[in-house]
Amino acid sequence: MVPEGSHVRSVFLTPGTGVLEADLSSKLLIDCSTVDTETSHAVRQRILEVAPSASFFDAPVSGGSLGAAKATLTFMLGCSDDEPQLPTLQLLLGMMGTSIFPCGGPGLGLTAKLCNNYCSGLIAIATSEAMNIAMKSGMDAKVLARIFSTSTAQSTISDKWNPVPGVCPDAPSSHGYEGGFKIQLMRKDFALAVEAANRVQARLALGEAGLKTYTDASNDPACRDLDSRVVFRYLQGPDGRS
């Protein structure tokens, strides 16, 4: 699992040191990175050219550092339900996660992950905005979070990764936004999702606004290198930060 498509290409395709330099006969190769689908397809195609008996799967994950620590990750597999290697994939990935979803074919695991991060990224912004409205109006954020948990605004972001410090004791926001999923990585994934939407001509109402928010937050010294839910701090503005 590496951050970007260029890193995936380097790991697999670099002459002299890449994975393709090894004997890949009958090997099972799993890439859990969240990257553009073009890179994944290119690497898979090259592997099949060099070693036709090998198998390559995109298998990005969701669940963040908390899910990794507890081995409760969700894996989105770029394969079909009738993939012969699926039982082996489930056995291996089941050591790290509790939910493993075949998404239909090569590259569709990545498609699922980009859609997930697009949605969760927007939910984090919306939750931060709503919390900010309530807090500036004099309401306790913990009370609003409890209301959300039993109402139509319920989400994993609010329940487990709440952007407001102190609402979820185990969330990065309650620990100075340290750990978790870096804001720059959310910006990267969000941009990939917007690119994917443009490629298939899927209309977006919130894409550009969300991307600008994560881009600006990534460039904010008070937010950079911290968990992506630090978007709450960004939305508060300098006057609202302690």
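Residues numbered from 1 in each chain as written. Predicted model: local features only at pLDDT ≥ 70, side-chain atom pairs only at ≥ 80, totals over all residues. Heavy atoms only, no water.

Engineer: Any chance you could explain the nonpolar core here in plain terms?
Structural biologist: For soluble globular proteins, nonpolar side chains are generally found buried alongside one another. Within the largest apolar cluster, 32 residues are counted, with the highest numbers of intra-cluster contacts made by Tyr118, Met131, Val164, Val167, Phe190, Tyr214 and Val230. Among the elements of the structure, helix 5 (108–136), helix 6 (141–149), helix 8 (183–199), helix 9 (207–218) and helix 10 (231–236) are those that each provide at least two residues to this core. If near-sequence neighbours (up to four positions away) are discounted, Met131 is found in contact with Ala141, Leu144, Ala145, Phe148, Ser158, Asn162, Val164 and Phe232. (Core = buried A, V, L, I, M, F, W, Y, C linked by side-chain atoms within 4.5 Å. Buried < 20%, exposed > 50% of the residue type's maximum accessible area, 1.4 Å probe, protein only. Helix = DSSP H or I, 4+ residues; strand = E, 2+ residues; numbered from the N terminus. Contact = heavy atoms within 4.5 Å.)

Engineer: Any chance you could explain empty space enclosed by the protein here in plain terms?
Structural biologist: Under the definition given, this model contains one cavity of 30 Å³ or more. Considered as a void within the structure, the largest cavity measures approximately 40 Å³ in volume. If you go around the largest cavity, the residues you meet are Asp36, Thr37, Glu38, Leu114, Leu192, Glu195, Ala196 and Arg199. No other element matches the four residues that helix 8 contributes to the lining of the largest cavity. The class makeup of the residues in the lining of the largest cavity is three nonpolar, one polar and four charged. (1 Å grid on protein atoms, 1.4 Å probe; cavity = no way out; pocket = protein on both sides within 12 Å on 5 of 7 lines; lining within 4 Å. Points joined across faces, edges and corners; volume = space filled by probe spheres on them. Nonpolar A, V, L, I, M, F, W, Y, C, P; charged D, E, K, R; others polar.)

Engineer: What is the right way to look at the packing of helix 5 against helix 9 in this model?
Structural biologist: Relative orientation and spacing of two packed helices are given, respectively, by the angle between their axes and the distance between those axes. One way to put it is that helix 5 packs onto helix 9 with a least axis distance of 10 Å and a crossing angle of 70 degrees. Here helix 9 runs roughly perpendicular to helix 5, going by the angle between their axes. Between helix 5, through Tyr118, Gly121, Leu122, Ala124 and Ile125, and helix 9, the contact on the second element is made entirely by Gly207, Gly210, Thr213 and Tyr214. For the contact of helix 5 with helix 9, a count of residues per class yields five nonpolar, four polar and no charged. (Axes fitted to C-alpha atoms, helices over the stretch in contact; angles between N-to-C directions. Parallel < 35°, antiparallel > 145°, perpendicular 65-115°, else oblique.)

Engineer: Is there a simple way to explain the UniProt feature "domain: 6-phosphogluconate dehydrogenase NADP-binding" (unreviewed entry) in the protein chain in this structure?
Structural biologist: Per the UniProt record, "domain: 6-phosphogluconate dehydrogenase NADP-binding" (unreviewed entry) is annotated on residues 1–103. Helix makes up 37% of residues 1–103 and strand makes up 20%, while its end C-alpha atoms are separated by 19 Å. (UniProt positions renumbered as here; feature names shortened; annotations may be inferred.)

Engineer: It is not clear to me how the pattern of salt bridges should be interpreted in this structure. Could you clarify?
Structural biologist: Using the criterion set out here, one finds six salt bridges in the structure. As a salt-bridge pair, Glu38 and Arg199 come within 3.0 Å of each other at their nearest N and O atoms. Within this pair, whereas Glu38 is found in helix 2 (residues 37–50), its partner Arg199 is found in helix 8, the two being separated by 161 residues in sequence. Lys182 is the partner of Asp225 in a salt bridge, and the nearest nitrogen-oxygen pair spans 4.0 Å. (Salt bridge = Lys/Arg side-chain N within 4 Å of Asp/Glu carboxyl O.)

Engineer: Looking at this structure, how should I read helix 1 (residues 5–13)?
Structural biologist: Within an α-helix, residues lying three or four positions from one another point in the same direction, as the helix has 3.6 residues per turn. Of the residues making up helix 1, those classed as buried are Gly5, Val8 and Phe12. Projected down its long axis, helix 1 carries its buried residues within an arc of 55 degrees, all on one side. Residues of helix 1 that are buried make contact with strand 1 (28–31), helix 2 and strand 2 (55–58). (Arc of directions from axis to C-beta.)

Engineer: Explain the layout of surface pockets to me, please; I cannot follow it from the model alone.
Structural biologist: Its boundaries defined by the atoms lining it, the largest pocket holds a volume of some 1000 Å³. Together, 42 residues line the largest pocket, and Ser62, Gly63, Gly64, Ser65 and Trp161 are the ones closest to its centre. Its residues assigned to classes, the lining of the largest pocket shows 18 nonpolar, 15 polar and nine charged.

Engineer: Explain the UniProt feature "domain: 3-hydroxyisobutyrate dehydrogenase-like NAD-binding" (unreviewed entry) in the protein chain to me, please; I cannot follow it from the model alone.
Structural biologist: Cross-referencing UniProt, the feature "domain: 3-hydroxyisobutyrate dehydrogenase-like NAD-binding" (unreviewed entry) maps to residues 107–220 in the present numbering. Here residues 107–220 is 63% helix and 0% strand, with 33 Å between the C-alpha atoms at its ends.

Engineer: Looking at this structure, how should I read the sheet that holds strand 4 (residues 73–77)?
Structural biologist: Whether parallel or antiparallel, the strands of a sheet pair through hydrogen bonds between backbone atoms. The strand order across the open sheet formed by three strands is 3-4-5, and the pairing between neighbours is mixed. On the outer flanks of this sheet lie strand 3 (61–62) and strand 5 (97–102), each paired with one strand and no other. Relative to strand 5, strand 4 runs parallel, the two sharing five bridges. What sits directly across from Met76, in strand 5, is Phe101. Each of strand 3 and strand 4 is contacted by helix 5, which is oriented at about 130 degrees to strand 4, the strand it contacts most. (Pairing = 2+ DSSP bridges.)

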